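Coordinate analysis (summary)
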Amino acid sequence: MVTIFPEMFYAFSNYGITGKAIQKKIINLNYLNPRDFSENKYKSIDDRPYGGGPGMLMSVKPLYLSIQHAKSLLKSATVIYLSPQGKKLNQNNIFKLIKKKEIIFVCGRYEGIDERIIDSLIDEEWSIGDYILTGGELAAMVIIDSIARFIPGVVKTKSVEEESFYNDLLDYPNYTRPKTIYNMKVPDILLSGNHNKIRLWRLQKSLEKTLKKRPDLLDGKKLKKAEQIILNIVKKNKK
Ligand code: 4GY
């Protein structure tokens, strides 16, 4: 992480699944702070934009030196800059990022960074969505968080076929104990013990929900695949 606010990662690194993954060193986070590379006596890390205009930019030299230092430590790392100008992330891109062994996240602050740093040191620019944060740190945590879910044994996942399919569908409705609470019941089928029927029901609910709430996620190809999965379950049911 190249960040002027490494302390922002404290809670993330100490709680929940991300905390466990980092403490067990399944994920290793290391920090370089541009402030430590600032050469003036005030240790300043911001500077005025050429051409005028409001706000400040990150100073070139401290940021450049910290990224270079990170690159010298992690020779095969991909350098990622997080900004609203990057390619919008989705679960498919996350799967590709998981395959990388080393990533250098450059967390911007203020109004942004000098374009020459993007041109010369950044390999990939990603966005977590069309809104503007005050810095890249939260975006970096969002990405690492979504990666942590896929560490084997950390979060239980569905079967491979259904997992990849469910990834672009909304989740089916979930229920836990008790069977009745505040006058509301758990659907009978979930108590039936018939696993194939339950799988079909869940798939149906996922499709219904997606159609109602996020129809943009469904297309002809997706529906064909759903049909295939349903037929497979029905076939298994007959055996
Ligand atoms: N959206 N996706 C995002 C962001 C903060 C000013 C440049 C985003 O990834 N990062 O909003 N980042 C800005 C803050 C400098 C980065």
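Note that the coordinates shown come from a computational prediction; the quantities given were computed from them, not determined experimentally.

A few words on a nonpolar patch on the surface. Judged by side-chain polarity, F5, M8, Y131, L133 and L138 come together as a nonpolar surface patch covering roughly 430 Å² of accessible area. One can find F5 in the segment before α1 (10-14).

Attention now moves to the environment of I229. Along the polypeptide, I229 turns up in helix α9 (residues 220-238). In this structure the C-alpha to C-alpha distance between I229 and R116, which are 113 residues apart in sequence, comes to 49 Å.

Before going further, it helps to examine the site of the ligand. Taken together, 16 residues form the shell around the ligand, and within it Y110, I128, G129, Y131 and L133 come nearest. A distance of 2.9 Å separates a nitrogen atom of the ligand from a polar atom in the backbone of I128. Interatomic distance of 2.9 Å between a backbone N/O atom of L133 and an oxygen atom of the ligand. Here the ligand has 390 Å² of accessible area as a free molecule, and 96% of this is covered by the chains.

Before going further, it helps to examine the sheet that holds strand β3 (residues 78-88). Across the sheet, which stays open at both edges, the three strands sit in the order β4-β3-β5 with parallel pairing between neighbours. What marks the edges here is a single partner per strand, and that holds for β4 (103-106) and β5 (124-127). Between one strand axis and the next, the sheet turns through 45 degrees on average, direction left out of account. Looking at chain direction, β3 and β4 are connected through four bridges and run parallel. The residue of β4 that forms the bridge with I80 is F105.

Attention now moves to helix α3 (residues 60-73). Under the 1.5 Å per step criterion, the end-to-end length of α3 is 20 Å for 14 residues, consistent within 8% with the ideal 20 Å. Buried residues of α3: P62, L63, S66, I67 and A70, and no others. One face of α3 carries all of its buried residues, which in axial projection span an arc of 125 degrees. Buried residues belonging to α3 abut β2 (57-58), β3, β4 and α5 (115-121).

Formed by 24 residues in total, the largest nonpolar core has its most connected members in M1, I27, L29, L82, F105 and I143. Going through the elements one at a time, α2 (16-23), β3, α4 (91-98), β4 and α6 (137-148) are the ones with two or more residues in this core. Apart from the residues within four sequence positions on either side, I143 is in contact with L82, L89, I94, L97, F105 and I128. Core analysis: the next-biggest nonpolar cluster, separate from the first, contains 19 residues, I4, I67, A70 and V106 among them.

Here we come to the packing of aromatic side chains. For the coordinates displayed, the defined rule picks out two aromatic pairs. When the centroid spacing of 5.0 Å and the interplanar angle of 70 degrees are considered together, the rings of F95 and F150 count as edge-to-face. One end of the pair, F95, is in helix α4; the other, F150, is in the loop between α6 and α7 (160-166), with 55 residues separating them in the sequence. Judged by relative accessible area, which is 26%, F95 ranks as partly exposed.

Procedures and definitions
- Residues numbered from 1 in each chain as written.
- Predicted model: local features only at pLDDT ≥ 70, side-chain atom pairs only at ≥ 80, totals over all residues.
- Heavy atoms only, no water.
- Patch = residues over 30% accessible without salt bridge, like charges linked within 9 Å, V, L, I, M, F, W, Y side chains within 5 Å.
- Areas by Shrake-Rupley, 256 points an atom, 1.4 Å probe, with all protein chains shown as cover.
- Salt bridge = Lys/Arg side-chain N within 4 Å of Asp/Glu carboxyl O.
- Helix = DSSP H or I, 4+ residues; strand = E, 2+ residues; numbered from the N terminus.
- Near = heavy atom within 4 Å.
- Polar contact = N/O pair within 3.5 Å; in protein donor to acceptor, adjacent residues only side chain to side chain.
- Pairing = 2+ DSSP bridges.
- Axes fitted to C-alpha atoms, helices over the stretch in contact; angles between N-to-C directions.
- Expected span 1.5 Å × (residues − 1).
- Buried < 20%, exposed > 50% of the residue type's maximum accessible area, 1.4 Å probe, protein only.
- Arc of directions from axis to C-beta.
- Contact = heavy atoms within 4.5 Å.
- Core = buried A, V, L, I, M, F, W, Y, C linked by side-chain atoms within 4.5 Å.
- Phe/Tyr/Trp six-rings, centres within 6.5 Å; stacked < 30°, edge-to-face > 60°.

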